[in-house]
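Spelled out, the chains give:
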Amino acid sequence: MQDLDIHIDNMTCAGCAGRAERALAAVPGVTGARVNLAAETARVSFADPASPAGLAEALDRAGYPARRAEARFGIEGMSCAGCAGRVSRAMEALPGVVSAEVNVATETATVRYLEGAVLPADIAAASTAAGYPAAPKDEMAPIEDRKATEAQALKRATLIAALLALPVFLGEMGGHLYAPLHHWIEQTVGMQSWRVIQFLLTSAVLFGPGLRFLRIGLPALLRRAPEMNSLVAIGTLAAWGYSTVVTFAPGLLPETARAVYFESAAVIVVLILLGRWLEARAKGRAGAAIRKLIGLRPRTARVERDGTVSEIAVDAVAVGDVVILRPGETVPVDGVVLSGASHIDESMLTGEPIPVAKSEGAPVTGGTVNGTGALRLRAEKVGRDTALARIVAMVEDAQATRLPIQSLVDQVTRWFVPAVLVAATLTFLGWLVFGPSLPAALTAAVAVLIIACPCAMGLATPTSIVVGSGRAAALGVLFRRGDALQTLQGVKVVAFDKTGTLTEGRPVVTDVTTAGGIGVTEVLRLAAAAEAGSEHPLARAVAEEAARRGVTDLPEATEITADPGFGLSALVGEREVLIGASRMMRREGIDTSALSLAAENLAGRGGTPVYVALDGEIAALIGVADEVKPSAAAAVSALRARGIRVALLTGDTAASGRAVGAALGVDEVRAELLPGDKPEAVDALRLTHGPVAFVGDGINDAPALARAEVGIAIGTGTDVAIESADVVLMSGDPLGVVTAQEVSARVMANIRQNLVWAFGYNVLLIPVAAGLLYPAFGWMLSPMLAAGAMALSSLFVLGNALRLRLIPAPISMSGTRPEPVVTNAEVMP
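- Per an unreviewed UniProt entry, the protein chain goes by Copper-translocating P-type ATPase and derives from Pseudooceanicola nanhaiensis.
- Among the UniProt annotations of the protein chain, the heading Sequence similarities (unreviewed entry) holds the following wording: "Belongs to the cation transport ATPase (P-type) (TC 3.A.3) family. Type IB subfamily."

Okay, structure coming up:
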């Protein structure tokens, strides 16, 4: 029986408290539930099958969600997937912990828990008690520092162990290769003295540099939770213990069984330490992308306060401060240029190497590099709110994610080590009964213990995620949710929004056609006045055209009503003005036939018609065009070359959509869509073709981004779109979609390769270690070779994952683009 305190949201009255209390009481296993409205808490007494997660779900269904919190922890001492599983189970066993995702590669745990039910310190203590010291991540040294320190310690331990083991190895194995060496040792040192020397040297190895395996592995074995270190501890102690008996109490064994295996125990420790050292170095390189991003942020900034410029720590810069940026310096915070002009290298943000011109009013991003000009900036976002900090957080979150494929690995590794212990025991007994000798039985059993390596299984998935998502970030693609890495490679359709996604998002007025005798200047004057308060791209285009034609004295507009997907209405002076799409004119019963020919010509050129009606009569057609992005056709072509169908979803007319679709070579156009229609269009594409990725940038794209299997937001778009997406393209380049799909495909292929190796290695070599080939060929696997193979299996997985750092840059960076494939796109309303 457990008692749990839960903080609850949304309760406003006694009725709410009663409903929340009844929801908790209805959960099977709950014996008592008391809700305190004033404190907004509940005290629940429960036993199996009730669980904290189940209680939280019951409150969520009742409409009174349990308040959750999330904490990240750094974990030390994990060496395999079995370790990660034990840490996860230790944390999840705490009342109030909903889930714990443990990542071996990054040595972190992300824990979701019910606020008030448990403290982060309790969660860290649970992991520490399980044998894996933990602390909240902010209190831990960065993983690269810990890995560098760990690698140095392992290097030192490996060298010491190697120096101690070398005489044992040369003296014992050298005698097998060169028989006179054994005779020389026997005649000079004496065989018994030589065995004592081996005992001393091997004991120094085992209880010196090798003590780390015993200190972790034996307690885990006593807790009935054996892991990789337990296998190493049992194997080396068995070889050392047997040899010690032969050395000091030979009478306990038959004369034919009096062989020593000190060299096996010593060399096993050396080889495993060597593997751990190389593994620590490789893990450090796996997180290079995050370190590079963090390293972009300067430590100081020059700030102008009260007319005085002084250099202060970046963390001390406040919103609104004026920052002075000299040529060649790194921008310290996100801000807006107050004065000056320069070009800024934004390749860290967008992946594009061409510097961007900046002048008064232009935004700048922390971590980018200034060119040859000097700038004065106003700080807009500092600290954790900067784009760079958000990028680092996104990448860390993606790297900490456990993909669905990891569930299979977790199930296998949970039972793997106990299964190996059973296999080693059966091997030992089998050789005792059917084999030639007790030493042979010991050799085979130790080889089975040593060669079985769950380390490779545990590293197979998380290391690929860490390296792949880090490389993606360097290419300007951020996986906000790690599971998108697995999902994106399987999509069958990529659906693009048009404006701001495939086009520049900066439409301009191309022509104005009037009807009813009104002049162009008057139409623009009234339309610009009505649109003056709108941020819509088409409204800005109309305002800019009016200003270009010298129409600046705009009357005041009142009673402005915006109708998303249709247009807007306003009262300008005494005139009622309607501006919008043809659907708005149809709805208002306004005849547009006088401008039908102009509309057809405009649509044929891919332009967007904007109708203007005055006092209920059609007055003008304003033609607006939005240039297609230079790389859009290449992106569509590259996706189609991968066998992915490409669709265009737009609110424009069918004719305009068809013109853009034909120019880009898309397979299908769905036009004249209202904002609420796009999620339905995504559903229709999924039903017909399979999983869908949707790419958009606007507020109206957020529902479709959330509805698709993978939502991809253009990073230059709105915050709402970015928050709704699974993947963010930091530049506005549509080729980023191709890069994201390429990264996803390569990461998943890499994971599959790692898993095939990790599982195949054990499936093939454990039987060999057990002596499967002995009856036919007389071959037995030496424990030393088993230790070498075990170390190499983990290094293979790490090395294979590190290949993901070589994923090529986007096509636009290389300067080449595939030719677009133009087809007759199918147009659907």
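Thoughts on the sheet that holds strand β23 (residues 608-614)
Then step 1. The 6 strands lie next to each other as β19-β24-β23-β22-β21-β20, forming an open sheet whose pairing is antiparallel. Each edge of the sheet is formed by a strand with only one pairing partner; in this case those strands are β19 (508-514) and β20 (557-563). Each adjacent strand pair in this sheet contributes to an overall mean axis angle of 20°, direction not counted.
Then step 2. Two elements, β23 and strand β24 (residues 617-625), share 7 bridges in a ladder whose sense is antiparallel. Looking at β24, one finds that valine 610 is bridged to isoleucine 622.

Points about the packing of helix α18 (residues 520-531) against helix α19 (residues 537-548)
Helix-helix packing is characterised by the crossing angle of the two axes and by the distance between the axes.
Then step 1. Packing of α18 against α19 leaves a shortest axis separation of 9 Å and a crossing angle of 135°. Taken together, the axis directions place α18 and α19 in an arrangement best described as oblique. For α18 against α19, the interelement crossing comes out left-handed. Facing α18, whose interface residues are Leu524, Ala527, Ala528 and Glu531, α19 presents Ala539, Val542, Ala543, Glu545 and Ala546.
Then step 2. Residues belonging to the contact of α18 with α19 are distributed by class as follows: 7 nonpolar, no polar and 2 charged.

Here's the deal with unusual backbone geometry
Then step 1. Cis geometry is adopted by the peptide bond preceding proline 49, which originates at aspartate 48 and carries an omega value of 10°.
Then step 2. With respect to the element layout, proline 49 can be found in the loop between β3 (41-46) and α2 (52-62).
Then step 3. Located in the positive-phi region is glutamate 559, a residue other than glycine, with phi close to 55°.
Then step 4. Following the sequence through the fold, glutamate 559 ends up in strand β20.
Then step 5. Not every positive phi belongs to a glycine, and glutamate 672 is a case in point at roughly 55°.

Things to note about the sheet that holds strand β13 (residues 356-358)
Sheet strands pair by backbone hydrogen bonding; their relative direction is either parallel or antiparallel.
Then step 1. Spatially, β13-β12-β15 is the arrangement adopted by the 3 strands of the open sheet, whose pairing is antiparallel. The outermost strands of the open sheet, each flanked by one partner alone, are β13 and β15 (369-370).
Then step 2. Here 3 bridges tie strand β12 (residues 342-345) to β13, and the two strands are oriented antiparallel to one another. Bridging across to β13, histidine 343 finds its partner in alanine 357.

Re the confidence of the model for the protein chain
Then step 1. Per-residue confidence for the protein chain gives a mean pLDDT of 80; residues scoring 70 or more make up 86%.
Then step 2. In the model, residues 812-829 has pLDDT below 50 throughout and makes 47 contacts with residues more than four positions away in sequence or in other chains.

Observations concerning α18
Then step 1. Compared with an ideal rise of 1.5 Å per residue, which puts 12 residues at 16 Å, α18 spans 16 Å between its outermost C-alpha atoms and is within 8% of the ideal.
Then step 2. Of all the residues in α18, the buried ones are Val523, Leu524, Leu526, Ala527, Ala528, Ala529, Ala530 and Glu531.

Re the packing of aromatic side chains
Then step 1. Counted according to the given criterion, the structure contains 7 aromatic pairs.
Then step 2. Here the aromatic rings of phenylalanine 199 and tryptophan 240 are separated by 5.9 Å at their centres, their planes lie at 25°, and the arrangement is stacked. With phenylalanine 199 in helix α7 (residues 191-207) and tryptophan 240 in helix α9 (residues 228-248), this residue pair connects regions lying 41 residues apart in the sequence.
Then step 3. Assessed through its relative accessible area of 17%, phenylalanine 199 is described here as buried.
Then step 4. When its relative accessible area of 17% is taken as the criterion, tryptophan 240 is described as buried.
Then step 5. In textbook terms, an aromatic cluster arises when at least three aromatic residues are bridged by ring pairs, as seen for Phe199, Phe207, Trp240, Phe248 and Phe262.
Then step 6. Over the face of the ring belonging to phenylalanine 566 we find arginine 583, whose NZ or CZ atom lies 5.9 Å from the ring centre.

What about the pairing of strand β27 (residues 692-696)?
Then step 1. Taken across its 5 residues, β27 has 5 buried, putting it largely inside the fold.
Then step 2. Here β27 shows a buried face lined by Val692, Phe694 and Gly696 and a second buried face lined by Ala693 and Val695.
Then step 3. Both β27 and strand β28 (residues 710-714) contribute to a ladder of 4 bridges, which runs parallel. Its bridge partner being in β28, valine 695 is matched across the sheet by isoleucine 712.

Examining the packing of α7 against α9
Then step 1. As a packed pair, α7 and α9 sit with axes 10 Å apart at the nearest point and diverge in direction by 155°. Taken together, the axis directions place α7 and α9 in an arrangement best described as roughly antiparallel. Here α7 runs over α9; the crossing is left-handed. Here α7 contributes Gln192, Arg195, Val196, Phe199, Thr202, Ser203, Leu206 and Phe207 to the contact with α9, which in turn contributes Thr236, Leu237, Trp240, Thr244, Val246, Thr247 and Phe248.
Then step 2. Tallied by class, residues from the contact of α7 with α9 come to 8 nonpolar, 6 polar and 1 charged.

A short note on the environment of histidine 343
Then step 1. Positionally, histidine 343 belongs in strand β12.
Then step 2. For the pair histidine 343 and alanine 357, spaced 14 residues apart in sequence, the C-alpha separation works out to 4.3 Å.
Then step 3. In this structure, histidine 343 is in contact with Pro355, Val356, Ala357, Val369, Asn370 and Gly371, ignoring residues within four places of it in sequence.

A closer look at the UniProt feature "transmembrane region" (unreviewed entry) in the protein chain
Then step 1. Per the UniProt record, "transmembrane region" (unreviewed entry) is found at residues 157-179, 199-218, 230-253, 259-278, 415-434, 440-461, 755-777 and 783-802.
Then step 2. Regarding residues 259-278, the helix share stands at 85% and the strand share at 0%, and the terminal C-alpha atoms are separated by 33 Å.
Then step 3. Between the end C-alpha atoms of residues 415-434 there is a gap of 28 Å, over a span that is 100% helix and 0% strand.

Digging into the pattern of salt bridges
Then step 1. On inspection of all chains with the given rule, the structure shows 22 salt bridges.
Then step 2. The partner of arginine 642 in a salt bridge is glutamate 742, with the nearest N and O atoms 2.4 Å apart. Here arginine 642 is found in the loop between α22 (632-641) and β25 (645-649), whereas its partner glutamate 742 is found in helix α27 (residues 735-770), with 100 residues between them in sequence.
Then step 3. Since its relative accessible area comes to 16%, glutamate 742 is described here as buried.
Then step 4. When the shortest N-O distance is used, the salt bridge between arginine 746 and glutamate 742 registers 2.4 Å. A residue pair is termed a helical-turn pair when its members lie 3 or 4 positions apart in one helix, as arginine 746 and glutamate 742 do in helix α27 at 4 residues.

Observations regarding helix α8 (residues 211-222)
Then step 1. Taking 1.5 Å of rise per residue, the 12 residues of α8 would be expected to cover 16 Å, and the 17 Å separating its terminal C-alpha atoms lies within 8% of that figure.
Then step 2. Among the residues of α8, Phe213, Leu214, Gly217 and Ala220 are the ones counted as buried. Burial along α8 is one-sided: seen end-on, the buried residues are contained in an arc of 155°. What points out from α8, more than 90 degrees from its buried face, is the exposed set Arg215 and Leu222.

With respect to the side chain of arginine 195
Then step 1. With respect to the secondary-structure elements, arginine 195 resides in helix α7.
Then step 2. Filtering out sequence-adjacent residues up to four positions away, arginine 195 remains in contact with Val246, Thr247, Arg258, Val260 and Phe262.

Points about the environment of arginine 658
Then step 1. Within the secondary structure layout, arginine 658 lies in helix α23 (residues 654-664).
Then step 2. Overall, arginine 658 belongs to the partly exposed group, its relative accessible area being 44%.
Then step 3. For the pair formed by arginine 658 and arginine 670, sequence separation is 12 residues and the distance between their alpha carbons is 9.0 Å.

Observations concerning a nonpolar patch on the surface
Then step 1. Together, Val422, Leu426, Leu429, Leu432, Val433 and Phe434 give the surface a local cluster of nonpolar side chains, amounting to about 650 Å² of exposed area.
Then step 2. Along the polypeptide, valine 433 turns up in helix α14 (residues 406-434).
Then step 3. The class of valine 433 is exposed, set by a relative accessible area of 59%.

Description of the side chain of aspartate 667
Then step 1. Within the secondary structure, aspartate 667 sits in the loop between α23 and β26 (668-670).
Then step 2. Under the relative-accessibility criterion, aspartate 667 is labelled buried at 15%.
Then step 3. Separated by 3.1 Å, the side chains of aspartate 667 and arginine 640 make a polar contact.
Then step 4. Among the polar contacts made by the side chain of aspartate 667, one reaches the main-chain amide nitrogen of valine 646 at a distance of 2.9 Å.

Conventions we followed
Residues numbered from 1 in each chain as written. Predicted model: local features only at pLDDT ≥ 70, side-chain atom pairs only at ≥ 80, totals over all residues. Heavy atoms only, no water. UniProt positions renumbered as here; feature names shortened; annotations may be inferred. Pairing = 2+ DSSP bridges. Helix = DSSP H or I, 4+ residues; strand = E, 2+ residues; numbered from the N terminus. Axes fitted to C-alpha atoms, helices over the stretch in contact; angles between N-to-C directions. Parallel < 35°, antiparallel > 145°, perpendicular 65-115°, else oblique. Left-handed = near helix turned anticlockwise from the far one by under 90°. Contact = heavy atoms within 4.5 Å. Nonpolar A, V, L, I, M, F, W, Y, C, P; charged D, E, K, R; others polar. pLDDT = per-residue confidence, 0-100. Expected span 1.5 Å × (residues − 1). Buried < 20%, exposed > 50% of the residue type's maximum accessible area, 1.4 Å probe, protein only. Phe/Tyr/Trp six-rings, centres within 6.5 Å; stacked < 30°, edge-to-face > 60°. Lys NZ or Arg CZ within 6 Å of the ring centre and 35° of its normal. Salt bridge = Lys/Arg side-chain N within 4 Å of Asp/Glu carboxyl O. Arc of directions from axis to C-beta. Patch = residues over 30% accessible without salt bridge, like charges linked within 9 Å, V, L, I, M, F, W, Y side chains within 5 Å. Areas by Shrake-Rupley, 256 points an atom, 1.4 Å probe, with all protein chains shown as cover. Polar contact = N/O pair within 3.5 Å; in protein donor to acceptor, adjacent residues only side chain to side chain.

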